[in-house]
Amino acid sequence: MIRVRTDPSAPIRVLIVDDDALVRAGLTLMLKGAPDLHVVGAVADGGEVEGAVAEHGPDVVLMDIRMNGLDGIEATRRLRARAGAPEVVVLTTFDADELVFRALRSGASGFLLKDTPPEGIVDAVRKVVAGEPILSPSVTRRLIAHLMPEEEDRRRGDARKVLERLSEREREVALAVGQGKPNAVIAGELHMSVGTVKGYISRILTKADLDNRVQLALIVHDAGLG
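None of these values were measured; they are calculated from a predicted model. (Residues numbered from 1 in each chain as written. Predicted model: local features only at pLDDT ≥ 70, side-chain atom pairs only at ≥ 80, totals over all residues. Heavy atoms only, no water.)

### Considering the overall build of the protein
Stated precisely, the cut-off is as follows: Numbering of helices and strands runs from the N terminus; a helix is a DSSP stretch of H or I covering at least four residues, while a strand is a stretch of E covering at least two. Think of it in three bands: with a 1.4 Å probe and only protein chains considered, a residue is buried below 20% of the maximum accessible area for its type, exposed above 50%, and partly exposed in between. Note on definitions: a residue-residue contact is assigned when non-hydrogen atoms from the two residues lie within 4.5 Å. Residue exposure ignores everything except the shown protein chains as possible cover, and the areas themselves are Shrake-Rupley values with a 1.4 Å probe.
For the protein, the helix and strand inventory stands at 11 helices and 5 strands. When the 226 residues of the protein are sorted by exposure, 49% land in the buried category. A separation of at least 24 residues holds for 70% of the contacts in the protein among residues at least 6 apart in sequence. Here the protein has roughly 10,700 Å² of accessible surface; of this, 53% comes from carbon and sulfur atoms.

Shown next as C-alpha cells:
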C-alpha cells in the first residue's frame with residue numbers, strides 16, 4: 001500500500017532499529033543534521049518495532065537485518081502486514097545479499113549498506129517517503145541473478161502471470177517502475193501528470209497484491225523485462 005503523510009511539510013519521522021548501540025547513536029547523530037528529518041526513537045530488537053511504531057508514528061523505519069532478538073526480516077513482515085505501516089529500509093552489508101532479498105520480499109522499500117555516506121542515507125529516506133525507488137536496477141538484477149537460481153523459471157512464470165492481469169497502459173507504467181524511473185520521468189515519457197502516474201501505480205499494486213513499488217520492480221525483473 002502507498003502510505004500518505006498527513007502533513008507533507010512536517011519533518012520526516014524516522015525510527016532506528018539496530019542491536020548495535022554505536023550504530024544507533026551514529027545514525028541518530030547523522031540524521032539529526034538534516035533539518036527535514038526527525039529521529040523519533042531507536043530500539044535494539046525487532047520485537048520492539050511494533051510497539052515503537054505505535055508509540056512514535058514514524059514515516060520510515062531504518063531496520064537492521066541481523067539482530068540478536070527478532071531479526072529484521074520477520075520484523076519487517078509483521079510491520080508491513082499492518083494497515084498504514086511506515087516504509088521500511090533495511091540496513092545490511094554486501095555479504096548479506098540473500099537476507100536483503102528476503103527482506104524486500106517481506107515488504108521493505110529498499111536497502112542501504114551500512115557504509116553508505118551520510119548524504120546517501122538522508123537522500124534515501126527522503127526518496128522512500130516520496131514514493132521513489134531507492135534500488136538501482138543494476139543492483140536489483142545482481143540480487144536476482146545471484147539468489148535462488150533454481151527458482152528462476154518459477155519466479156519468471158509467476159511474475160509474467162501478474163503482469164498479464166494489467167492493462168497495456170498499466171504494464172507501461174510497471175515497466176518504467178522496474179527500470180528505476182521516478183514518477184516525474186515516467187510522467188514525461190508517457191505524457192501524463194505525476195498524479196496520474198501515482199494513480200496508476202496505486203491501482204497496479206492493488207491488482208498485483210503488492211505492498212510497494214520495490215516489490216513491483218522485482219516482479220518486472222523476475223519477468224525478464226527490467
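### Notes on the packing of helix H9 (residues 183-190) against helix H10 (residues 194-208)
Heads up, the condition is: Note on definitions: angles span 0 to 180 degrees between N-to-C directions of axes, and those axes are lines fitted to C-alpha atoms, for helices only across the stretch in contact. Roughly parallel covers angles under 35 degrees, roughly antiparallel covers those over 145, roughly perpendicular covers 65 to 115, and oblique covers all other angles. In this count, Pro and Cys sit with the nonpolar residues alongside Ala, Val, Leu, Ile, Met, Phe, Trp and Tyr, while Asp, Glu, Lys and Arg are called charged and the others, Gly among them, polar.
Look at H9 against H10: their axes get within 8 Å of each other, and the N-to-C directions meet at 105°. The angle between the axes of H9 and H10 places the two elements in the roughly perpendicular class. On H10, the residues touching Asn183, Ala184, Ile186 and Ala187 of H9 are Val194, Val197, Lys198 and Ile201. Residue composition of the contact of H9 with H10, grouped by class: 6 nonpolar, 1 polar and 1 charged.

### Thoughts on helix H3 (residues 72-80)
Where we set the bar: Summarising the geometry, the arc corresponds to the directions from the helix axis toward the C-beta atoms. For this analysis, a polar contact is any N or O atom pair within 3.5 Å, provided that within protein one partner can donate a hydrogen and the other can accept it, and provided that sequence-adjacent residues contribute only side-chain to side-chain pairs.
All of the buried residues along H3 are Gly72, Ile73, Ala75, Thr76, Leu79 and Arg80. When H3 is viewed along its axis, its buried side chains cluster within an angular range of 165° and face the same direction. For H3, the capping residue at the N-terminal end is Asp71, with a side-chain oxygen 2.9 Å from the backbone nitrogen of Ile73.

### A look at the pairing of strand S2 (residues 37-43)
Threshold: Here a strand pair is declared whenever DSSP counts at least two bridges between the two strands. The handedness of a crossover follows from its direction of travel: if, with the strands pointing away from the viewer, the path from the first strand over the helix to the second runs clockwise, the crossover is right-handed.
S2 sits mainly inside the fold: 5 of its 7 residues count as buried. Across 6 bridges, the pairing between strand S1 (residues 12-17) and S2 is parallel. Considered in S2, the bridge of Arg13 is made with His38. Traced from S1 through helix H1 (residues 21-32) to S2, the parallel crossover comes out right-handed.

### Here we look at the sheet that holds S1
The parallel open sheet is built from 5 strands, whose spatial order is S2-S1-S3-S4-S5. Both outer strands of the open sheet, S2 and strand S5 (110-113), are each paired with one neighbouring strand and no more. Here the average twist between neighbouring strands, direction ignored, is 25°. Contacts from helix H2 (residues 49-56) reach S1, S2 and strand S3 (60-64), with the element oriented near 160° to S1.

### Description of H9
Listing the buried residues of H9 in full gives Asn183, Ile186, Ala187 and Leu190. All buried residues of H9 fall inside an arc of 100° around its axis, so they share one side. Where H9 is buried, its residues contact helix H8 (168-178), H10 and helix H11 (213-222). Once H9 finishes, His191 follows within two positions and takes phi at roughly 55°, a positive value.

### Examining the packing of H8 against H11
Look at H8 against H11: their axes get within 8 Å of each other, and the N-to-C directions meet at 95°. One finds that H8 runs roughly perpendicular with respect to H11. On H11, the residues that touch Ala174, Leu175, Val177 and Gly178 of H8 are Arg213, Leu216, Ala217, Val220 and His221. Split by residue class, the contact of H8 with H11 holds 6 nonpolar, 2 polar and 1 charged.

Just distances and angles here, no functional claims.
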